[in-house]
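Survey of secondary and tertiary structure
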Amino acid sequence: MMKDNKLYTLLALAGTIPFIAGALLPLVGLDALPHLGPLDQLVASYGLAIVCFLAGAHWGTYLSGRYAGSLNLFVISNVIFLAVWFAYVGAGIKTAIGIQIIAFLALLFIDLSLKTSDVISATYFRVRTTATMIAVVSLLVVIAQ
């Protein structure tokens, strides 16, 4: 079972800061960061990176052999990542972010299955749920702007 709950809690919540910033900075009149670009594009690229990270974590979980559930995490994580990537490169920014929201919720649903199978702890799942909800709400705000 997972340990270092203070560390993963800190890292997961710190990982939501770019989503929060992307949602709140336009409310004070800042739509872009100098030398980096428009906030919605920065948030979308960050979201793509986080989806990739979470999908990769599911690969590691599946490879470890600790998950004996019916979900094939190799296939599901690839489908989720590819959907997000194709939306990022081929759709408008709001559509790409909308697909990311769906992906984050799907990845959380997979983590629920991992928690049910005692692969991840209830504490870690609560942290993942909190971080996911912060990201999703922030992304909804970005889309609404």
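Refer to the structure presented above.
Some remarks on the packing of helix α3 (residues 39–64) against helix α4 (residues 73–90)
- Contact geometry for α3 and α4: axes closest at 9 Å, N-to-C directions at 170 degrees. Classified by the angle their axes make, α3 and α4 are roughly antiparallel. Contact with α3, carried on its side by Q41, A44, S45, L48, V51, C52, A55, H58, W59, T61, Y62 and L63, involves L73, F74, S77, N78, I80, F81, V84, W85 and Y88 of α4 and no other residues of that element.
- Partitioning the contact of α3 with α4 into residue classes produces 15 nonpolar, six polar and no charged.

Observations concerning unusual backbone geometry
- Phi at H35 takes a positive value of approximately 70 degrees, unusual for a residue other than glycine.
- Despite not being glycine, D118 has its phi angle at roughly 60 degrees, a positive value.
- Structurally, the position occupied by D118 is in the loop between α5 (93–116) and α6 (122–144).

Some words on the nonpolar core
- By size, the foremost hydrophobic cluster in this structure holds 29 residues, and its most contacted members are V51, F104, L114 and L139.
- Mapped by element, the contributors of at least two residues to this core are α2 (17–24), α3, α4, α5 and α6.
- Broken down by element, the residue count for this core peaks at eight residues, all from α5.
- Not counting residues within four places of it along the chain, the set of residues in contact with F104 comprises F19, G47, I50, V51, L54, T132, V136 and L139.

Conventions used here
- Residues numbered from 1 in each chain as written.
- Predicted model: local features only at pLDDT ≥ 70, side-chain atom pairs only at ≥ 80, totals over all residues.
- Heavy atoms only, no water.
- Axes fitted to C-alpha atoms, helices over the stretch in contact; angles between N-to-C directions.
- Helix = DSSP H or I, 4+ residues; strand = E, 2+ residues; numbered from the N terminus.
- Parallel < 35°, antiparallel > 145°, perpendicular 65-115°, else oblique.
- Contact = heavy atoms within 4.5 Å.
- Nonpolar A, V, L, I, M, F, W, Y, C, P; charged D, E, K, R; others polar.
- Core = buried A, V, L, I, M, F, W, Y, C linked by side-chain atoms within 4.5 Å.
- Buried < 20%, exposed > 50% of the residue type's maximum accessible area, 1.4 Å probe, protein only.

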